[in-house]
Amino acid sequence: MAPFPATLGPVTRSGLSDTIAAIATAPGSAGVGIVRVSGPQALEVADGIFRGRRAPSTTRGGRFLFGELVADDGEVLDEGLCLVFRGPRSYTGEDVVELQSHGSPAVLTRVLARALELGARPARPGEFTLRAYLAGRLDLAQAEAVLGLVEAQTDGARRQASLGLSGALGARVARVAGGLVRALAAIQAMLDYPEEGVPDEDRAGPLLQAQAELEALLASARAGQVSTRGARLALIGRPNAGKSSLLNALVGFERSIVTPTPGTTRDYLEAGLELAGVPVTLVDTAGLRETLDEIEAAGVRQARALAEAADLVLALEDGSAAREELPLDLSGTPARVIRLRTKTDLPAAWTDTALLDVSAVTGAGLPALRDAVRVALLGDAARGEAWLTTERQADAARRALEHVLAARTLPDELASYELEEALRALAELTGQDVQEDVVDAVFRNFCVGK
Ligand SMILES: Nc1nc2c(c(=O)[nH]1)N(C=O)[C@@H](CNc1ccc(C(=O)N[C@@H](CCC(=O)O)C(=O)O)cc1)CN2
Ligand SMILES: Nc1nc2c(ncn2[C@@H]2O[C@H](COP(=O)(O)OP(=O)(O)OP(=O)(O)O)[C@@H](O)[C@H]2O)c(=O)[nH]1
Ligand SMILES: [Mg+2]
């Protein structure tokens, strides 16, 4: 991808003011496919491709035309629709034309090639959405939500992206910023008119409130990332604990080999499923034990490494056999472990209320397990609220919180500096005050045509 223009603001705007075109629909055959054109020459380009009862350039915004898509020599490529959006009333804020043909890669490549001949240039990844951002139609968090929506594989990811796109996250951040501005005003008043006696709660109240809101926002960051990026769950236990059986019960088919012989699973294997709206990868591993078998020993080493790297460990112990200690130290990361007593359909050899009872055979305990996984992965981040969904957003919120915490303890002069820094971090979060390389990094992840 060509580098993003050097600065934001007017320079970038003019740098982006040429006309871009791209196939907006996914590669492959489909019912309908779309070539999208945006920029000052969009209507001119459309006039050169589209033949209908009237020319796109004489059509009002918000209308569509039915007609033919034609090549430079007049050959009809396909019948199609032309949608006309006149700036600023369009996705990008510029003149936009959509040429909608049958969803044939052969047709779409010809239509795009014709648009490029007529003066458009190929759009860079995310450039339509970048233009919407630069036109002030979306904030940066909304642009990230567009990306999240395009990539959403689960309903949980879709919900968060959709909330983000609605501007709910921006609104949540604006609330925090509003509180900081009030606190800043109180401090300024104190500095300017010390004799007036500004009540301390005017300063402390909004700060405390902002701190609480930032902490809640940051608590949502892990949930947001997990719901978009997904999570890895490692099943760990002694041989025969029932790891492979549990994996099969959770995914609903015989993904992993199960036998009564301890040491059945050697190489690890993965299975994808959706748990609590989160894309989850379950990892079945070799049972942990000392062994002279070289292959099995390699599997055991791998199992330990997989447990280390997982977002969450399901530690299984066979409830129908004499209890043996799990040869794995989980004490360092108790928040990342759910302990299970398995085979509860069989007579219990022992019980322990600290463990969750499950049976892969009857399915008993599986709903409780799914619940525990949801809490472990998402915490109590409220479902209806907008979460921080990217590391970039979380980083900005973290810095804002640090400055707010500093402001609470510092004398007025220094506190007001900290609050200004906190506000700057929040402005970065929504993209009002942001370095161009950050913007570049956000849009680099997009696909062409978005
Ligand atoms: N065919 C098609 N479907 C699509 C999109 C698109 O660009 N084209 N979208 C994009 O990726 C999404 C819809 N988002 C859009 C957002 C704003 C405008 C728009 O033209 N807004 C104008 C006019 C609104 C109006 O007429 O009421 C505006 O806000 O001023 C269009 C699409 C999803 N579906
Ligand atoms: N009754 C009953 N038997 C179970 C249950 N889960 C597993 N088993 C049996 O226990 C034995 C071992 O099950 P696996 O799922 O292969 O155990 P594992 O932990 O994957 O074992 P390794 O791969 O050897 O480490 C098999 O005979 C299973 O049928 C259960 O919930 N109830
Ligand atoms: Mg197994």
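Along each chain, residues carry numbers from 1 onward, in the same order as the chain's sequence is written. Lettering for chains starts from A, numbering for ligands starts from 1, and both go in the order in which the items are written. Only residues with pLDDT of at least 70 are given local features in this predicted model, and only at 80 or more are side-chain atom pairs given and counted; all residues enter the totals for whole chains, interfaces and linings.

Asker: What is the right way to read the overall build of the protein chain from this model?
Answerer: We count a stretch as a helix when DSSP gives it H or I for four or more residues in a row; a strand needs E for two or more, and each element gets its number in order from the N terminus. Of the regular secondary structure elements, the protein chain holds 14 helices and 13 strands. For a compact globule the rule gives 2.2 Å times the number of residues to the power 0.38, and the radius of gyration it is set against comes from C-alpha atoms. Taken against the 2.2 N^0.38 rule, which gives 22 Å for 450 residues, the C-alpha radius of gyration of the protein chain at 28 Å runs more than 25% over that of a compact globule. Oriented by its inertia axes, the alpha-carbon framework of the protein chain measures out at about 80 × 80 × 35 Å. Think of it this way: build a C-beta for each residue from its backbone, and any pair within 7 Å is a contact. Considering only contacts in the protein chain between residues 6 or more positions apart, those separated by 24 or more positions represent 63%.

Asker: What is the right way to read the site of ligand 1 from this model?
Answerer: Nearness here is judged by the C-beta atom: place it from the backbone, and if it falls within 6 Å of a molecule or strand, the residue counts as near that partner. Around ligand 1, the neighbouring residues are Ile34, Gly62, Phe85, Arg89, Ser90, Tyr91 and Glu98. All residues other than Ala, Val, Leu, Ile, Met, Phe, Trp, Tyr, Cys, Pro, Asp, Glu, Lys and Arg, Gly among them, are scored as polar; the first ten of these are nonpolar and the last four charged. When the residues that make up the shell around ligand 1 are grouped by side-chain class, the tally is three nonpolar, two polar and two charged.

Asker: When you look at the pairing of strand 1 (residues 20-23) in this model, what are you seeing that I'm missing?
Answerer: Across a regular strand the side chains alternate sides, sitting on one face of the sheet and then on the other. Any residue surrounded by 20 or more other C-beta atoms within 10 Å of its C-beta is treated as buried, while 12 or fewer makes it exposed and the intermediate range makes it partly exposed; C-beta atoms here are placed from the backbone. By the alternation rule, side chains of strand 1 split into Ile20 and Ala22 and Ala21 and Ile23, which are all buried. In the sheet, strand 1 pairs with strand 2 (residues 30-38) via four bridges, with the strands oriented antiparallel. For Ile20, the partnering residue across the bridge sits in strand 2 and is Ser38. Following DSSP output, two strands are said to pair if at least two bridges run between them. Where strand 1 hands over to strand 2, the hairpin turn is made up of six residues, of which Gly28 adopts a positive phi near 110°. Where strand 1 meets strand 7 (residues 121-122), two bridges bridge the pair, whose relative direction is parallel. Paired with Ile20 across the strands is Arg121, a residue of strand 7.

Asker: For this particular structure, what's the right way to read the packing of helix 7 (residues 168-192) against helix 13 (residues 412-430)?
Answerer: Helix packing geometry: the angle between the two helix axes and the distance between the axes. Axes, fitted as lines to C-alpha atoms, cover a helix only where it is in contact. Angles between the N-to-C directions of the axes lie from 0 to 180 degrees. Following both chains from N to C, one finds helix 7 and helix 13 inclined at 160°, their axes separated by 10 Å at the closest point. Considering the angle they form, helix 7 stands roughly antiparallel to helix 13. Relative to helix 13, helix 7 is oriented so that their crossing is left-handed. Two secondary-structure elements touch here, helix 7 through Gly170, Val173, Val176, Ala177, Leu180, Ala183, Leu184, Ile187, Gln188, Met190 and Leu191 and helix 13 through Asp412, Glu413, Ala415, Ser416, Leu419, Ala422, Leu423, Leu426, Leu429 and Thr430. A breakdown of the residues in the contact of helix 7 with helix 13 according to their chemical character gives 15 nonpolar, four polar and two charged. Note on terminology: angles under 35 degrees are roughly parallel, angles over 145 are roughly antiparallel, angles of 65 to 115 are roughly perpendicular, and the others are oblique. For any helix crossing, the convention is left-handed if the near helix is rotated counterclockwise from the far helix by under a right angle, and right-handed if that rotation is clockwise.

Asker: Honestly, helix 12 (residues 391-409) in this entry has me stumped. Any pointers?
Answerer: Since one α-helical turn is 3.6 residues long, residues separated by three or four positions face the same way. With 19 residues, helix 12 ought to run about 27 Å at 1.5 Å a step, and its terminal C-alpha atoms sit 28 Å apart, in line with that. Where helix 12 is concerned, the buried positions are Gln393, Ala394, Ala396, Ala397, Ala400, Leu401, His403, Val404 and Ala407. The secondary structure elements touched by the buried residues of helix 12 are helix 5 (140-151), helix 8 (200-229) and helix 13. Multiplying one less than the number of residues by 1.5 Å gives the expected span of a helix.

Asker: Can you help me understand the site of ligand 2 in this one?
Answerer: Neighbouring residues of ligand 2: 24 residues in total, closest Gly242, Ser244, Ser245, Thr265 and Gly287. A total of three residues in the shell around ligand 2 trace back to one element, the largest contributor, which is helix 9 (residues 243-251). In terms of residue class, the shell around ligand 2 is made up of nine nonpolar, 12 polar and three charged.

Asker: What is the right way to look at the environment of Ala407 in this model?
Answerer: Note on placement: Ala407 falls in helix 12. Residues Ala407 and Glu391, spaced 16 residues apart in sequence, show a C-alpha to C-alpha distance of 24 Å. Not counting the four nearest positions on each side in its chain, Ala407 is found in contact with Leu207, Ala415, Glu418, Leu419 and Ala422.

Asker: So what exactly am I meant to see when it comes to the UniProt feature "binding site: (6S)-5-formyl-5,6,7,8-tetrahydrofolate" (unreviewed entry) in the protein chain here?
Answerer: UniProt positions are given in the numbering used here, feature names are shortened, and annotations may be inferred rather than shown by experiment. Under the feature "binding site: (6S)-5-formyl-5,6,7,8-tetrahydrofolate" (unreviewed entry), the UniProt entry names Arg36, Glu98, Arg137 and Lys450. Positionally, Arg137 belongs in the loop between helix 4 (127-134) and helix 5. By C-beta crowding, Arg137 is classed as partly exposed, having 16 other C-beta atoms within 10 Å. Not counting residues within four places of it along the chain, the set of residues in contact with Arg137 comprises Gly93 and Ala132. Within the fold, Lys450 resides in the segment after helix 14 (436-444). If sequence neighbours within four positions are ignored, Lys450 has contacts with Gly126, Phe128, Thr129, Val146 and Val150.

Asker: Please explain the pairing of strand 4 (residues 63-70) as it appears in this structure.
Answerer: Pairing of strand 3 (residues 50-52) with strand 4 involves three bridges; the strand directions are antiparallel. Residue pairing in the sheet places Gly52 in a bridge with Gly67 of strand 4. Of the pairings in the sheet, the one linking strand 4 to strand 5 (residues 76-85) comprises eight bridges and is antiparallel in character. Bridge pairing in strand 5 links Glu68 to Glu79. Taking the residues between adjacent antiparallel strands as the criterion, strand 4 and strand 5 are bridged by five residues, where Gly74 takes a positive phi near 90°.

Asker: What is the right way to look at the confidence of the model for the protein chain in this model?
Answerer: As a note on interpretation, predicted positions should not be read in detail where pLDDT is low. Looking at the protein chain, pLDDT values average 91 and 95% of them are 70 or higher. pLDDT is defined as a per-residue confidence score from the predictor, taking values between 0 and 100. Confidence drops under pLDDT 50 across residues 1-14; counting only partners more than four residues distant or on other chains, this segment forms 17 contacts. Note on the complex model: pTM 0.78, ipTM 0.77.

Asker: Before we go on, may I ask you to explain the sheet that holds strand 7 in this structure?
Answerer: Through backbone hydrogen bonds, the strands of a sheet pair up, either in parallel or in antiparallel fashion. What the seven strands build is an open sheet, ordered 3-4-5-6-2-1-7; its pairing is mixed. A strand with exactly one partner marks an edge of an open sheet, and here the two such strands are strand 3 and strand 7. Against the sheet, helix 2 (residues 42-49) engages strand 2, strand 3, strand 4, strand 5 and strand 6 (96-103), with an angle of about 35° to strand 6. Each of strand 1, strand 2, strand 4, strand 5, strand 6 and strand 7 touches helix 3 (residues 105-117); the most contacted strand, strand 2, lies at about 10° to it.

Asker: Could you clarify how one ought to interpret the nonpolar core in this entry?
Answerer: If you look at soluble globular proteins, the nonpolar side chains tend to sit buried side by side. Core analysis: the biggest nonpolar cluster contains 116 residues, and Val35, Val37, Ala46, Val97, Ile236, Ala397 and Leu426 have the highest contact counts within it. The biggest single contributor to this core is helix 7, with nine residues. When sequence neighbours within four positions are dropped, the list of residues in contact with Val97 reads Val37, Ala42, Leu43, Val45, Ala46, Pro56, Cys82, Leu83 and Val84. Residues of type Ala, Val, Leu, Ile, Met, Phe, Trp, Tyr and Cys that are buried and joined through C-beta atoms within 7 Å form what is called a nonpolar core.

Asker: In this structure, what is going on with the packing of helix 5 against helix 6 (residues 155-165)? I would like to understand it.
Answerer: One way to put it is that helix 5 packs onto helix 6 with a least axis distance of 8 Å and a crossing angle of 150°. As far as their axial angle goes, helix 6 and helix 5 are roughly antiparallel. Here helix 5 runs over helix 6; the crossing is left-handed. For the pair helix 5 and helix 6, the contacting residues are Ala141, Gln142, Glu144, Ala145, Val146, Gly148 and Leu149 in the first and Ala157, Arg158, Gln160, Ala161, Ser162, Gly164 and Leu165 in the second. In terms of residue class, the contact of helix 5 with helix 6 is built from seven nonpolar, five polar and two charged.

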